[in-house]
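Listed here are the chains, written in short residue letters.
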Amino acid sequence: MPSLHEILTAHSPVLLLDAASTRVQAGWLEPPSPSSDSDFAAAAHWRYSDDEATTAVFECVNRLGHAPSEAAAFIFCEGPGSVLGIRTTAMALRTWNVLQPRPVFAYCSLALVAHARPGTAAGVIADARRDSWHHYQIGRGLRRVPPAALAGELVMPENFRHWSALPEKVTPVPYSLATLLPLAANAELFLACDNPDAFLHEEPNYLAWTPQIHRAPGERGLTR
């Protein structure tokens, strides 16, 4: 898995899209000079929107002032996070790549937060619905766990929706790519993907359904 620095060295400029949180973020990334992290920040231009993701993704891209066709590669957040936002982003990338194929790289939102906090062993969490939580910890990777399994220091990215009650000891942390990416620019967090889509712990299972003609209660058959 390449790092962000490696991607920018091989493919530049890069259009980055993240709709995992309620704040959509779009970045236009150029290769930084190797001297410092501040150079990385200076080589990135960001746009944000708190509107509905189905429109905010494209609004942010338009406000960057660069057409998707100008990008040499795409980076996107595959989750965990807002499924609607992530799938809107993935759909846009698949469409743009039909017109002009380019490399696409995906990253995990919680992994990015964890690797941007060097020296801490905190677990980074996000709501996984159905009374469970996504949990990422360096060295253990991404898991889906029940609330009872959440222990130790916990942090949760800001602007991530949750439906279950938050654990008692969880600290909100900023989810700003302009801040996080320079801190994790050398971490091997990015996975090349041919078919961008939202992250799933496992493929969904579908129950078999046999179609039947609807009849009124007690009706035994049809008559002419």
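Residues numbered from 1 in each chain as written. Predicted model: local features only at pLDDT ≥ 70, side-chain atom pairs only at ≥ 80, totals over all residues. Heavy atoms only, no water.

Asks: Even after reading the chapter, I still don't get the overall build of the protein, so can you show me in this structure?
Replies: Within the protein one finds six helices and eleven strands. Scored against the burial criterion, the 224 residues of the protein give a buried share of 45%. The contacts in the protein between residues at least 6 apart in sequence include a share of 65% that link residues at least 24 apart. Approximately 12,400 Å² of the protein is accessible, and the part contributed by carbon and sulfur atoms is 52%. (Helix = DSSP H or I, 4+ residues; strand = E, 2+ residues; numbered from the N terminus. Buried < 20%, exposed > 50% of the residue type's maximum accessible area, 1.4 Å probe, protein only. Contact = heavy atoms within 4.5 Å. Areas by Shrake-Rupley, 256 points an atom, 1.4 Å probe, with all protein chains shown as cover.)

Asks: What exactly am I supposed to notice about the nonpolar core here?
Replies: For soluble globular proteins, the rule of thumb is that nonpolar side chains tend to be buried together. Counting residues in hydrophobic clusters, the biggest one holds 45 residues, and the most contacted among them are Ile75, Tyr107 and Phe190. For this core, the leading source of residues is helix H5 (residues 109-115), giving five residues. Setting aside residues up to four positions removed in sequence, phenylalanine 190 forms contacts with Met1, Pro2, Ser3, Leu4, Ile7, Ile75, Phe105, Ala106, Tyr107 and Leu181. (Core = buried A, V, L, I, M, F, W, Y, C linked by side-chain atoms within 4.5 Å.)

Asks: Any chance you could explain the pattern of salt bridges here in plain terms?
Replies: Pairing between side chains becomes possible if they bear opposite charge and their charged atoms approach one another. Throughout the structure, instances matching the rule amount to four salt bridges. The closest approach of N and O atoms between arginine 23 and aspartate 50, which form a salt bridge, is 2.8 Å. Here aspartate 50 lies in the loop between strand E3 (44-49) and helix H3 (53-64) and arginine 23 lies in the loop between strand E1 (14-18) and strand E2 (24-29), a separation of 27 residues in the sequence. The partly exposed category is assigned to arginine 23, whose relative accessible area is 34%. Owing to a relative accessible area of 51%, aspartate 50 belongs among the exposed residues under this scheme. Arginine 63 is paired through a salt bridge with glutamate 59; the nearest N and O atoms lie 3.5 Å apart. Placement of the pair is arginine 63 and glutamate 59 together in helix H3, with a separation of four residues, close to one helical turn. Judged by relative accessible area, which is 39%, arginine 63 ranks as partly exposed. (Salt bridge = Lys/Arg side-chain N within 4 Å of Asp/Glu carboxyl O.)

Asks: Any chance you could explain the environment of glutamine 137 here in plain terms?
Replies: For glutamine 137, the location among the structural elements is in strand E7 (residues 133-137). The exposure class assigned to glutamine 137 is buried, which follows from its relative accessible area of 18%. Sequence separation between glutamine 137 and valine 113 is 24 residues; the distance between their C-alpha atoms is 9.9 Å. In this structure glutamine 137 touches Ala121, Ala122 and Gly123, once residues within four positions along its chain are discounted.

Asks: What should I look at first to understand the sheet that holds E3 in this one?
Replies: Within a sheet, each strand pairs with its neighbour through backbone hydrogen bonds, oriented either parallel or antiparallel. Ordered in space as E3-E2-E1-E4-E5-E11, the six strands form an open sheet in which the pairing is mixed. The sheet is open, and its two borders are formed by E3 and strand E11 (191-192), each paired with just one other strand. Both E1 and E2 contribute to a ladder of five bridges, which runs antiparallel. Within the sheet, the bridge partner assigned to valine 14 lies in E2 and is leucine 29. Packed onto the sheet, H3 meets E1, E2 and E3 and runs at close to 145 degrees relative to E3. Running over the sheet, helix H4 (residues 83-99) touches E1, strand E4 (73-79) and strand E5 (104-108) and is turned about 155 degrees from E4. (Pairing = 2+ DSSP bridges. Axes fitted to C-alpha atoms, helices over the stretch in contact; angles between N-to-C directions.)

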